[in-house]
Number of protein chains: 2
Amino acid sequence: MPKKITNKERITIKQVAEKAGVSTATVSRVINNSPLVTKKLKTRVGRLIEELGYYPNRSARHLRTNKICRIGVLFADISNPFFTSVLAGIESALQKAGYILLLGNSNENPQTELLHLNAFIEEGVSGIIFAPTTNSLSRYEKIFNLGTPLLTFDRIVDGLKVDTISINNSDAAYHATTHLIKLGHKDVAFIGGPQKISTAKLRQIGYQQAMQEAGNLPQRIIIGNFRQDGGYEAMQKLINLPNKPSAVVISNNLMTLGALQCIHEHGLLIPNDIAIVGFDDMPWFASLQPPLTVVAQPTYEMGTIAARMLIDRIQNPNNPIQRIILETQLIVRKSCGYQLGSLDSIEIDTPTRFI
Amino acid sequence: MPKKITNKERITIKQVAEKAGVSTATVSRVINNSPLVTKKLKTRVGRLIEELGYYPNRSARHLRTNKICRIGVLFADISNPFFTSVLAGIESALQKAGYILLLGNSNENPQTELLHLNAFIEEGVSGIIFAPTTNSLSRYEKIFNLGTPLLTFDRIVDGLKVDTISINNSDAAYHATTHLIKLGHKDVAFIGGPQKISTAKLRQIGYQQAMQEAGNLPQRIIIGNFRQDGGYEAMQKLINLPNKPSAVVISNNLMTLGALQCIHEHGLLIPNDIAIVGFDDMPWFASLQPPLTVVAQPTYEMGTIAARMLIDRIQNPNNPIQRIILETQLIVRKSCGYQLGSLDSIEIDTPTRFI
DNA sequence: TTGTAGGCGTTATCAA
DNA sequence: TTGATAACGCCTACAA
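Per-chain numbering applies: the sequence of each chain, read as written, is numbered from 1 onward. All chains are assigned letters beginning at A, and all ligands numbers beginning at 1, according to the order in which they are written. Local features are withheld for residues below a pLDDT of 70 in this predicted model, meaning they are given only at 70 or higher, and side-chain atom pairs are given and counted only at 80 or more; totals for whole chains, interfaces and linings count all residues. Note that water and hydrogens are dropped before the side-chain values are worked out from all heavy atoms of the structure.

Draft legend 1. Representation of the packing of aromatic side chains within the structure. The pairing test for Phe, Tyr and Trp rings, Trp by its six-membered ring, is centres within 6.5 Å, and the orientation test on the planes gives stacked under 30 degrees, edge-to-face over 60, and tilted for anything in between. Evaluated as defined, the whole model comprises 15 aromatic pairs over all chains. Both rings, one in Phe130 of chain B and one in Tyr140 of chain B, keep their centres 5.5 Å apart while their planes meet at 55 degrees; by these two values the pair is tilted. Of this pair, Phe130 of chain B sits in strand β3 (residues 127–130) while Tyr140 of chain B sits in helix α7 (residues 137–145), and the two are ten residues apart along the sequence. Per residue, the accessibility class of Phe130 of chain B equals that of Tyr140 of chain B, and both read buried. The rings of Phe75, Phe82, Phe83 and Phe153 of chain A are connected pair by pair, giving a single aromatic cluster. A run of H or I in DSSP becomes a helix once it reaches four residues, and a run of E becomes a strand once it reaches two; helices and strands are each numbered from the N terminus. Partly exposed describes any residue whose relative accessible area lies between the buried limit of under 20% and the exposed limit of over 50%, with all areas from a 1.4 Å probe on protein chains only and scaled to the type maximum.

What follows is the structure in structure tokens.
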């Protein structure tokens with residue numbers, strides 16, 4: 001008869017105590033490095049713990065102490081390299097601080113988002129970092145009222161009184177647009193994103209402002225979905241126009257990729273036929289032909305700062321709310337071309353960062 | 001005197017029971033959708049739960065039932081787009097199955113890896129997906145003996161009897177190398193990776209085999225660190241050689257990026273001066289100049305399958321161990337050049353995937 | 001159909 | 001310095 005294989009039961013503090021001939025209290029003290037235990041006992045019990053393969057049960061601990069180092073992180077689009085880089089930053093900071101990272105992906109879907117937020121609460125996380133899918137205050141009020149510290153990154157929910165970290169979106173788009181205008185482009189188009197996402201709206205405002213200040217230049221805005229196919233379609237529309245724009249600001253990284261593909265497929269030359277400023281620098285943007293001029297966001301830093309802010313908030317719940325806005329950097333490469341006499345106003349090439 | 005703001009206490013089943021004038025058992029039954037409760041009571045208690053903002057405490061639940069839907073995922077390099085894509089696949093599958101994802105990043109550091117694995121165990125995860133940093137069986141034996149289902153992806157630990165999913169690494173490198181040889185290259189170099197990583201070793205073997213079978217062509221292998229700077233340095237070494245190779249197989253994506261940068265900086269032309277086959281297709285590889293010929297791995301699928309395998313294992317602990325090997329695809333673009341008379345043996349261009 | 005009560009693994013209080 | 005014990009929030013026999 002085959003031996004029935006059962007799941008191994010986990011060693012508990014009780015079993016360690018029995019084997020050691022001490023009380024569970026003592027074992028607990030050893031685990032928690034209490035100074036009360038004699039050195040001799042400590043080493044003896046410690047060895048036994050190692051030997052038996054005892055691992056503390058965090059659920060029990062959590063229940064008893066109501067303290068736990070877990071943080072929920074909820075992304076809007078996990079496969080977007082922008083988010084990935086932020087995630088890397090968050091992970092690094094949380095790891096250093098000894099926090100466990102619970103990860104979720106809302107996929108830009110408010111329903112899914114709520115599911116994850118609830119799950120995080122049930123898991124008892126001591127804080128949540130997330131990129132909200134909508135700008136609707138009421139959607140987040142219930143969670144907010146629970147008192148678990150929240151921090152939104154990249155995007156802002158109007159009226160939600162939580163710490164936030166984001167970039168200066170309107171400025172970023174403003175500078176990108178102005179860069180093109182200074183190079184002599186009068187017909188600069190803009191590929192924007194879903195209006196319910198605050199970053200999309202702000203970048204659009206920056207573009208509009210730049211066009212207005214430059215003498216009320218005619219604006220052309222196409223809205224995409226912030227993904228690659230959206231960028232492709234948007235660029236398609238622009239190219240098919242009777243009076244194709246001479247330059248385009250593309251307001252997000254994936255759409256930039258799609259737009260590039262579209263441009264290549266039409267056999268258009270950058271920057272001669274069409275000039276481009278993209279969003280979010282990526283290590284490979286410098287290897288594109290031509291190397292891409294982009295607005296670079298400090299993504300990794302955004303992640304580390306977000307995590308540190310949240311941990312700080314957990315420790316000091318009553319400190320005033322913080323809203324951090326990081327500045328972006330326009331990295332000028334070769335996708336906008338040059339025009340004599342205007343070079344003085346252009347920033348210098350930034351070397352590619354090795355990440 | 002300022003009112004002392006205290007953290008809101010969380011509503012418990014007991015408080016709901018009191019308010020509702022029922023026992024905690026009844027509330028518990030309502031939460032768990034027990035068919036025993038009358039409809040009327042169910043709706044009444046249900047409404048109260050909603051009203052009071054009650055969230056079940058999963059730690060307590062876990063303690064009591066010893067069941068919990070948490071899975072630990074440990075990556076070796078979270079900022080590598082290859083891993084990111086796998087993560088997206090895992091997340092998607094876990095979300096569908098109702099599992100919470102605990103994420104860690106070992107950063108290729110065995111110490112950090114162990115810390116995370118231990119933390120996962122303490123969190124009581126019902127399974128762990130990870131990319132081992134080493135090929136040392138003894139390193140994972142303790143965790144293995146605990147009985148928590150393990151699954152390694154991308155890499156394999158010799159002798160570790162757990163489910164695995166990986167690609168056919170030697171085949172992939174073999175085909176990449178053969179592709180170049182068939183195009184007429186006799187002097188194909190190889191940029192490899194750390195030997196403690198199984199994928200690096202296997203890809204190297206594939207290269208060696210191809211060179212041997214092609215009439216014992218002279219092999220040139222440079223070992224990099226699987227990161228961008230490593231690829232740069234390795235390519236630098238190759239370029240500085242008195243007899244520079246005419247073609248190079250680069251065994252990972254980040255090193256490909258670095259190698260490209262090096263090639264550009266030296267003003268060399270691809271494929272005329274040097275032909276390239278890279279590893280891991282990325283959406284933007286098609287937009288490079290010239291578009292890159294690569295070995296494409298089904299990364300996202302690897303993630304979804306890994307997650308499903310692990311969940312299956314959790315439910316059927318005694319099923320036989322599975323080792324899944326996914327085939328790769330050589331995507332021929334323009335970084336290897338063409339040679340008349342040899343085109344028949346080359347696969348056809350694959351269209352860029354929209355992810 | 002609902003209620004009572006014990007216990008999951010841990011820690012903290014109190015007594016020894 | 002160590003031990004006994006209650007309690008954290010929840011679920012589930014078992015009793016009613």
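Draft legend 2. Looking closely at the protein's contact with DNA strand C. When at least one non-hydrogen atom of a residue lies within 4 Å of a molecule or strand, that residue is treated as near it. Close to DNA strand C lie 24 residues; Tyr54 and Arg64 of chain A together with Thr26, Arg29 and Arg64 of chain B are nearest. Counted by atom, the contact set of DNA strand C within 4 Å of the protein is 64% sugar and phosphate. Think of a polar contact as two N or O atoms within 3.5 Å of one another; within protein, one of them needs to be a possible hydrogen donor and the other a possible acceptor, and neighboring residues in sequence only count if both atoms come from side chains. Arg29 of chain B places a polar side-chain atom, nitrogen or oxygen, 2.5 Å from a base oxygen of DNA strand C. Here Leu36 of chain B contributes a backbone N or O atom positioned 3.3 Å from a sugar or linking oxygen of DNA strand C. Elements that contribute at least two residues to the surface near DNA strand C include exactly α2 (24–31) and α4 (58–65) of chain A together with α2 (24–31) and α4 (58–65) of chain B. Among the elements that take part in the surface near DNA strand C, α4 of chain A stands out by supplying four residues, more than any other. For this scheme, ten residues count as nonpolar: Ala, Val, Leu, Ile, Met, Phe, Trp, Tyr, Cys and Pro. Four count as charged, namely Asp, Glu, Lys and Arg, and the remainder, Gly too, count as polar. Classifying every residue of the surface near DNA strand C gives eleven nonpolar, eight polar and five charged.

Draft legend 3. Structural view of the relation of the copies chain B and chain A. In the superposition of chain B on chain A (RMSD 0.1 Å, axial shift 0.0 Å), the rotation amounts to 180 degrees. A rotation of that kind, with that shift, is consistent with a two-fold axis. The contact criterion used throughout is that any non-hydrogen atoms of two residues lie within 4.5 Å. Interface residue correspondence from chain B to chain A reaches 100%, placing this contact among same-surface, isologous pairings. When the copies are superposed, the least-squares fit draws on C-alpha atoms of residues that have pLDDT of at least 70 in both.

Draft legend 4. Geometry of the packing of helix α5 (residues 81–97) of chain A against helix α12 (residues 299–315) of chain A. All names here are of chain A. A fitted line through C-alpha atoms represents every axis, and for helices the fit uses only the stretch in contact; the resulting angles, taken between N-to-C directions, go from 0 to 180 degrees. It is the contact of α5 with α12, at a shortest axis distance of 7 Å, that shows an interaxial angle of 40 degrees. Taken together, α5 and α12 sit at an angle that is classed as oblique. The two elements α5 and α12 meet at a crossing, and its hand is right-handed. Of the residues in α12, those touching α5 at Phe82, Ser85, Val86, Ala88, Gly89, Ile90, Ser92, Ala93, Leu94 and Ala97 are Thr299, Tyr300, Met302, Gly303, Thr304, Ala307 and Ile311. Class assignment of the residues belonging to the contact of α5 with α12 gives a composition of eleven nonpolar, six polar and no charged. In this scheme, roughly parallel covers angles under 35 degrees and roughly antiparallel covers those over 145, while 65 to 115 is roughly perpendicular and the rest are oblique. Handedness of a helix crossing follows the sense of rotation of the near helix relative to the far helix, less than a right angle counterclockwise being left-handed and clockwise being right-handed.

Draft legend 5. The arrangement of the domain arrangement of chain A in detail. Where each domain starts and ends follows an automatic or database-derived domain assignment. You can read the domains of chain A as domain 1 (13–56), domain 2 (67–167 + 299–326) and domain 3 (169–297 + 329–354). Here domain 1 of chain A and domain 2 of chain A have C-alpha centroids that lie 37 Å from each other.

Draft legend 6. Structural detail: the protein's contact with DNA strand D. For DNA strand D, the set of nearby residues contains 24 residues, the closest of which are Thr26 and Arg29 of chain A together with Tyr54, Arg61 and Arg64 of chain B. In this structure, a phosphate oxygen belonging to DNA strand D sits 2.6 Å away from a main-chain N or O atom of Ile13 of chain B. Here a phosphate oxygen of DNA strand D sits 3.2 Å away from a polar atom, N or O, in the main chain of Asn57 of chain B. Top contributing element to the surface near DNA strand D by residue count: α4 of chain B, with four residues. Across the surface near DNA strand D, the residue classes tally to eleven nonpolar, eight polar and five charged.

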